[in-house]
Amino acid sequence: MRLQYDPELKQFREEIRAFITDVLPPEMQERQRTKVLNNATVEDQQEWMRILHAHGRSVPHWPVEYGGCGWTPQQLFVFNEELYAADAPEFDWGGTHMLGPVLYTFGSQYLQDKFLPAIREGHYNWAQGFSEPGSGSDLASLRTSAELQGDTYIVNGQKIWTSGAAHAEWAFFLVRTDKTVKPQRGISFLIVKMDTPGITVRQIPQINGEAHLCEVFLENVEVPADQLIGEPGMGWTYAKFLLEHERTTSSFIYWSKRELARAKDIARGENIDGVRIADLPAFRARFAKVEADLLALEWSVLRVLAHEETPFPEAAAASVLKIRGSELQQEITLLQVDALGAKSLRYFEPSPVAPPASEIWPDYVAGRTTVALITRAATIYGGTKQVQKNILAKLAFGR
Ligand SMILES: Cc1cc2nc3c(=O)[nH]c(=O)nc-3n(C[C@H](O)[C@H](O)[C@H](O)COP(=O)(O)OP(=O)(O)OC[C@H]3O[C@@H](n4cnc5c(N)ncnc54)[C@H](O)[C@@H]3O)c2cc1C
């Protein structure tokens, strides 16, 4: 196996780099580079989507007929990597990567016409309402109900850990439409406008100073029946499609590479008793290990993207990549915090952007503790590490 990118892919990378330099507004880039919080502001995210859309690149991974770029998986990989390396805001993941593919694969023409252009153009922020108190890993036990009355669903129940719900204009919910069949068969996939009467959103204060996660209470919420995706009772199938898709992209190599580069900046810029962190043998060993692990994961991802033959099903690879990707995110952010020491606590406050950098407080300090703390959740969301291991055991070893 040759561990190097094809010349065409290198050329593609150069083109993407030049494209980003051309279109990413420097102020937005600066805000993203020095942000204290984990997430970009809604305004920056939406504006960035509009800019990408103006160049036909806001949903490059979608099929061409829906506005995608027709790129290979390797090109998409490079595109994501270059966006993050350039400190561009992230996509509105809920719309572009979760709901979008479900909509163009299973949604009615009406829903596709209504929402696909809006997602492409970055009009809305989306929330994903799957988890409930008591129904996380065991999602099939969810209890939020949607009862059809005429041409309206009446929704009652509670969701929890709904990321970004406080700022979301729309959300997609898993709801129970039939209690008489086996749990998986009674679930449906419903699109709901978040300002519909009967919806209450309560933000959950997080240990990292943010309140991005929310509880969503639904009390007699009236939702037009034509906002149900596909067939009633098929929501479980659509959700599995979404989650498998989410896991394949959840190795977050592009993120880890950017953060490792930041960790190296920290190690070069900081010192203990006059010795650069980068020159301390213990830190050097940690850097070497993380770098080797990340490189191994990167090539594993590329092998999956190239559809290299393997005796294991694709879902097994997705679970392995999810586990290793999330573990590495945690190792890298801890490395940043350890290298900064007590300095890492400086921007532990809910203000979006760090004050101007100085010699003592360089940009790279901003947000490190916030990000390290939220990264603990990487082995929980999108399917916990333990549950991924169960999936692997079943797929790979048949039990
Ligand atoms: C930062 C963050 C963002 C999130 N965003 C969203 C969102 O936007 N929308 C949404 O719907 N949900 C979201 N979630 C919820 C997430 O999907 C759930 O937290 C996750 O599925 C785990 O469910 P749970 O929290 O109920 O834990 P539980 O399922 O109760 O699990 C608790 C522990 O038991 C272990 N466990 C459970 N079952 C098994 C088993 N069968 N075998 C072995 N171990 C097991 C788990 O691995 C875990 O360690 C988010 C969570 C976090 C932390």
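Before reading further, recall that the structure is shown in the block above.
Residues numbered from 1 in each chain as written. Predicted model: local features only at pLDDT ≥ 70, side-chain atom pairs only at ≥ 80, totals over all residues. Heavy atoms only, no water.

J.: Outline the overall build of the protein, supporting the account with residue identities and numerical values.
T.: Of the regular secondary structure elements, the protein holds twelve helices and nine strands. Scaling as 2.2 N^0.38, a compact globule of 399 residues should have a C-alpha radius of gyration of about 21 Å, and the protein matches this with 22 Å. Dimensions of the protein, computed from the C-alpha atoms along their principal axes, are close to 75 × 45 × 45 Å. Put simply, the protein has 399 residues, and 50% of those count as buried. Carbon and sulfur atoms make up 55% of the accessible area of the protein, which amounts to about 18,800 Å² in all. Counting 41 positive and 50 negative side-chain charges, the protein places the centres of these two groups 6 Å from one another. (Helix = DSSP H or I, 4+ residues; strand = E, 2+ residues; numbered from the N terminus. Rg over C-alpha atoms; globule rule 2.2 N^0.38 Å. Buried < 20%, exposed > 50% of the residue type's maximum accessible area, 1.4 Å probe, protein only. Areas by Shrake-Rupley, 256 points an atom, 1.4 Å probe, with all protein chains shown as cover. Lys, Arg positive; Asp, Glu negative; His and termini not counted. Charge placed at Lys NZ, Arg CZ, Asp CG, Glu CD.)

J.: Explain the side chain of Ser135 residue by residue, including any values.
T.: Within the secondary structure, Ser135 sits in the loop between strand E1 (126-129) and strand E2 (145-149). Among the polar contacts made by the side chain of Ser135, one reaches the main-chain amide nitrogen of Leu142 at a distance of 3.5 Å. For Ser135, the contacting residues outside a window of four places in its chain are Ser141 and Leu142. (Polar contact = N/O pair within 3.5 Å; in protein donor to acceptor, adjacent residues only side chain to side chain. Contact = heavy atoms within 4.5 Å.)

J.: Hey, could you go over the site of the ligand for me, with residue numbers and the actual values?
T.: Contacts to the ligand come from 17 residues, most closely from Gln128, Ser137, Trp161, Thr384 and Gln386. Note that a nitrogen atom of the ligand is positioned 2.8 Å from one of the side-chain N or O atoms of Ser163. The separation between an oxygen atom of the ligand and a polar side-chain atom of Gln386 is 2.6 Å. Protein contacts shield 63% of the accessible area of the ligand, which totals 980 Å² for the unbound molecule. Considering each element in turn, the shell around the ligand owes the most residues, three residues, to helix H12 (residues 385-397). Its residues assigned to classes, the shell around the ligand shows seven nonpolar, ten polar and no charged. (Near = heavy atom within 4 Å. Nonpolar A, V, L, I, M, F, W, Y, C, P; charged D, E, K, R; others polar.)

J.: So what about the nonpolar core? Which residues, and what values?
T.: Ranked by size, the top nonpolar core spans 78 residues in total, and within it Trp48, Leu99, Leu103, Phe189 and Ile229 carry the most contacts. Ignoring anything within four residues of it in the chain, the contact list for Leu103 reads Leu111, Gln112, Phe115, Leu116, Ile119, Ile191 and Ile229. Counting 19 residues, the second-largest nonpolar core is a separate cluster that includes Val155, Cys214, Leu218 and Val221. (Core = buried A, V, L, I, M, F, W, Y, C linked by side-chain atoms within 4.5 Å.)

J.: Please set out the environment of Gly95 residue by residue, giving values where relevant.
T.: Among the secondary structure elements, Gly95 is positioned in helix H5 (residues 93-106). Along the backbone, Gly95 and Pro281 are 186 residues apart, and their C-alpha atoms lie at a distance of 45 Å. Ignoring anything within four residues of it in the chain, the contact list for Gly95 reads Trp62, Gly100, Ile119 and Trp126.

J.: Give a description of empty space enclosed by the protein that names residues and reports values.
T.: Applying the stated criterion across every chain, the model contains three cavities of 30 Å³ or more. As for the largest cavity, its lining consists of 14 residues, and the residues nearest its centre are Gln32, Lys35, Tyr84, Glu259 and Arg262. Among the secondary structure elements, those contributing two or more residues to the lining of the largest cavity are helix H2 (26-33), helix H8 (253-269) and helix H11 (368-374). In terms of residues, the lining of the largest cavity owes the most to one element, H8, which gives three residues. Along the lines of polarity and charge, the residues of the lining of the largest cavity split into six nonpolar, two polar and six charged. Approximately 70 Å³ is the volume found for the second largest cavity. Lining the second largest cavity, in full, are Trp48, Asn80, Leu83, Tyr84, Ala88, Pro89, Glu90, Phe91, Trp93 and Tyr254. If you tally residues by element for the lining of the second largest cavity, the top one is helix H4 (residues 73-85), at three residues. Here the lining of the second largest cavity is built from residues that sort into eight nonpolar, one polar and one charged. (1 Å grid on protein atoms, 1.4 Å probe; cavity = no way out; pocket = protein on both sides within 12 Å on 5 of 7 lines; lining within 4 Å. Points joined across faces, edges and corners; volume = space filled by probe spheres on them.)

J.: Can you lay out the side chain of Arg368 for me, pointing to particular residues and giving the numbers?
T.: For Arg368, the position within the fold is in helix H11. The buried category is assigned to Arg368, whose relative accessible area is 4%. Residues contacting Arg368, with those up to four places away along its chain left out, are Glu259, Arg262, Ile266, Gln336, Val337 and Leu340.

J.: Please give an account of the packing of aromatic side chains that cites residues and values.
T.: For the coordinates displayed, the defined rule picks out 20 aromatic pairs. Aromatic pair Phe115 and Tyr124: ring centres 6.5 Å apart, planes at 65°, arrangement edge-to-face. According to the relative accessible area criterion, Phe115 is buried, its value standing at 0%. Between Phe130 and Phe172 the ring centres are 6.1 Å apart and the planes differ by 80°, which places this aromatic pair in the edge-to-face class. Of this pair, Phe130 sits in the loop between E1 and E2 while Phe172 sits in strand E4 (residues 170-176); the two residues are 42 residues apart in sequence, bridging distant segments of the chain. Across the pair, Phe172 and Phe130 agree in class, each one buried. Clustering of aromatic rings is evident, with ring pairs tying together Phe115, Tyr124, Trp126, Phe130, Trp170, Phe172 and Phe189. The ring of Phe19 carries the charged tip of Arg57 above its face, separated from the ring centre by 4.5 Å. A cation sits over an aromatic face here: Lys343 above Trp361, 5.7 Å from the ring centre. (Phe/Tyr/Trp six-rings, centres within 6.5 Å; stacked < 30°, edge-to-face > 60°. Lys NZ or Arg CZ within 6 Å of the ring centre and 35° of its normal.)

These results come straight from atomic positions and should not be treated as a statement about function.
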